[in-house]
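Analysis of the macromolecular model
One-letter residues, chain by chain:
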Amino acid sequence: MALKRIQKELNDICKNPPVGISAGPTSEEDMFSWTGTIMGPNNSCYKSGIFRLKIDFSQDYPFKPPSVKFITRIYHPNIDDDGSICVNLLKTDVWKPATTISHVLEAIADLLENPNPDDALVASIAEVYNTNRAKFTKTAKEYVKKYASS
């Protein structure tokens, strides 16, 4: 079941990729391990950044969410140093089997444009975001330049 669904989603994402997003298997031998790319949204401090993600599907997919982590370092209140992402869509109690990897990547791209400091993984970055937006933007842009430039 999982492999069939993953193959269908790969076909869909190749035929009709979301704007600024790409994803696919890391190798031809393993359909359960993907690499994704999100271009920093134009209306964000991550603009011009290229962000790589590691996507792992379990044998229980789509009944359990995939594991998605940033490979590229990023300064963001909802993404920690390990690349873990706090986005509602990936939470086990929120996940729905109808959700696709395209939906997940679009939600993460939206999170780049609209951080959610109220559900932060990194409280110190959320505090800077809430109290000193100029400092937050400057630091985020520095991370883009240092870690997410081509």
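Residues numbered from 1 in each chain as written. Predicted model: local features only at pLDDT ≥ 70, side-chain atom pairs only at ≥ 80, totals over all residues. Heavy atoms only, no water.

**Points about the UniProt feature "active site" (unreviewed entry) in the protein chain**
Cut-off, in case you're wondering: UniProt positions are given in the numbering used here, feature names are shortened, and annotations may be inferred rather than shown by experiment. Secondary structure elements are defined from DSSP: runs of H or I of at least 4 residues count as helices, runs of E of at least 2 residues count as strands, and each element is numbered from the N terminus. In what follows, a contact means two residues having at least one pair of non-hydrogen atoms within 4.5 Å.
Using the residue numbers shown here, the UniProt feature "active site" (unreviewed entry) corresponds to Cys86. Positionally, Cys86 belongs in the loop between strand E4 (67-70) and helix H2 (101-113). Leave out the neighbours within four places in its chain, and Cys86 touches Asn78, Lys91, Leu111, Asp119 and Leu121.

**Describing the sheet that holds E4**
Two modes of strand pairing occur in sheets, parallel and antiparallel, and in both the strands are linked by backbone hydrogen bonds. Spelled out, the test is: Strand pairing is assigned whenever DSSP detects at least two bridges linking the two strands. Working convention: axes come from line fits to C-alpha atoms, limited for helices to the stretch in contact. Angles between N-to-C directions cover 0 to 180 degrees.
The strand order E1-E2-E3-E4 describes an open sheet built from four strands, whose pairing is antiparallel. For this open sheet the edge positions go to strand E1 (21-27) and E4, each flanked by a neighbour on one side alone. On average, adjacent strands in this sheet sit at an angle of 25° to one another, irrespective of strand direction. Examined bridge by bridge, E1 and strand E2 (residues 30-39) share six bridges and lie antiparallel to one another. Bridge pairing links Ala23 to Gly36 in E2. Against the sheet, helix H1 (residues 2-15) engages E1 and E2, with an angle of about 30° to E2.

**What about the UniProt feature "domain: UBC core" (unreviewed entry) in the protein chain?**
Residues annotated by UniProt as "domain: UBC core" (unreviewed entry) correspond here to residues 1-149. With 34% helix and 19% strand, the stretch residues 1-149 has end C-alpha atoms that lie 38 Å from each other.

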